Amino acid sequence: AAGVIQSPRHLIKEKRETATLKCYPIPRHDTVYWYQQGPGQDPQFLISFYEKMQSDKGSIPDRFSAQQFSDYHSELNMSSLELGDSALYFCASSPRTGDTEAFFGQGTRLTVV
Amino acid sequence: AQKITQTQPGMFVQEKEAVTLDCTYDTSDPSYGLFWYKQPSSGEMIFLIYQGSYDQQNATEGRYSLNFQKARKSANLVISASQLGDSAMYFCAMREVYGNNRLAFGKGNQVVVIP
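Since the structure is predicted, the reported quantities are computational estimates derived from the model, not experimental observations.

A. Main features of unusual backbone geometry. All names here are of chain A. With omega at -10°, the peptide bond leading from Ser 7 into Pro 8 counts as cis. In this fold, Pro 8 is placed in the loop between strand 1 (5-7) and strand 2 (10-13). For Glu 51, which is not glycine, the phi dihedral falls at a positive 50°. Positionally, Glu 51 belongs in the loop between strand 5 (44-50) and strand 6 (53-57). Look at Glu 51 and you get partly exposed, because its relative accessible area is 32%. Although it is not a glycine, Ser 80 sits at a positive phi angle of roughly 45°. Along the chain, Ser 80 turns up in the loop between strand 8 (74-78) and strand 9 (87-94). With relative accessibility at 38%, the residue Ser 80 sits in the partly exposed group.

B. Main features of the pairing of strand 8 (residues 64-69) of chain B. Residue and element names in this part refer to chain B. With burial as the criterion, only one face of strand 8 is covered, namely that bearing Tyr 64, Leu 66 and Phe 68; the residues Ser 65, Asn 67 and Gln 69 on the opposite face remain uncovered. Where strand 7 (residues 60-61) lies against strand 8, two bridges are found, and the strand directions are antiparallel. Note on strand 8: the bridge partner recorded for Thr 60 is Ser 65. The hairpin formed by strand 7 and strand 8 contains two residues between the paired strands, and Gly 62 there has a positive phi angle of roughly 60°. Inspection of the sheet shows strand 8 paired to strand 9 (residues 74-79) by six bridges, in the antiparallel sense. Looking across to strand 9, one finds that Gln 69 is bridged to Ser 74. Here strand 8 folds back onto strand 9 in antiparallel fashion, the turn holding four residues, of which Lys 73 has a positive phi close to 55°.

C. Representation of the packing of aromatic side chains. A complete count under the given rule lists 15 aromatic pairs over all chains for this structure. Relative to B:Phe47, the ring of A:Phe103 has its centre 5.2 Å away and its plane inclined at 75°; by these criteria the two rings are edge-to-face. With A:Phe103 in strand 10 (residues 103-104) and B:Phe47 in strand 6 (residues 46-52), this pair bridges two chains. Residue A:Phe103 is classed as partly exposed on the basis of its relative accessible area of 26%. Put simply, the rings of A:Tyr35, A:Phe45, A:Phe90, A:Phe103, A:Phe104, B:Phe35, B:Tyr37, B:Phe47, B:Tyr50, B:Phe91 and B:Phe105 touch in pairs and so form one group of aromatic residues. Taking NZ or CZ as reference, B:Arg63 lies 5.7 Å from the ring centre of B:Tyr64, over its face.

Procedures and definitions
- Residues numbered from 1 in each chain as written.
- Chains lettered and ligands numbered in written order.
- Predicted model: local features only at pLDDT ≥ 70, side-chain atom pairs only at ≥ 80, totals over all residues.
- Heavy atoms only, no water.
- Helix = DSSP H or I, 4+ residues; strand = E, 2+ residues; numbered from the N terminus.
- Buried < 20%, exposed > 50% of the residue type's maximum accessible area, 1.4 Å probe, protein only.
- Pairing = 2+ DSSP bridges.
- Phe/Tyr/Trp six-rings, centres within 6.5 Å; stacked < 30°, edge-to-face > 60°.
- Lys NZ or Arg CZ within 6 Å of the ring centre and 35° of its normal.

It is worth stressing that arrangement in space is one thing and function is another; only the former is reported here.
In structure tokens, the structure reads:
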């Protein structure tokens, strides 16, 4: 069965650079969530989209932006990267809000040096 | 305020034994869902089991079962017949349907299965 696909799996960037993370949800899933997980931490919610519209916003820095495209894939854009942005970034998808499934991709491990 | 509480310290479990991971939650939303995820050292977040707030029966998925006690706001995960591959961090999460609908995670429970 198709799963949530994230790319790239690993990314190394220098401070002040820009990074773009991509997420391809499970087919027919119309809700996408982005999470950030620091080392030894629980995942922190960043932002979500439902039917290509932003549906909820969490602790996402102003330096970050995201969108969901017409094919339902989503991109998280991160600018002016800081050392503290080093983390595992997850995308998750679910078929509709309030449903019983929420599957995560394998994550993008971002290292800022 | 933390909506999901997982306070157990790291646990060592003998292979083939059962282990219970505690999770309590806090919500005033009448409709919500509870999820458990497994995160091995490789980092991926693996969905294990789901329990809806209106479900009358406890959820089960293979060796995983959820002990749902709604009045106590408790959703403990039971892993039966532990295997070495069960060694991982386990996260409990909740989604409030009439709230903001995001998944809110607990701090996780570390489980190490020993032969």
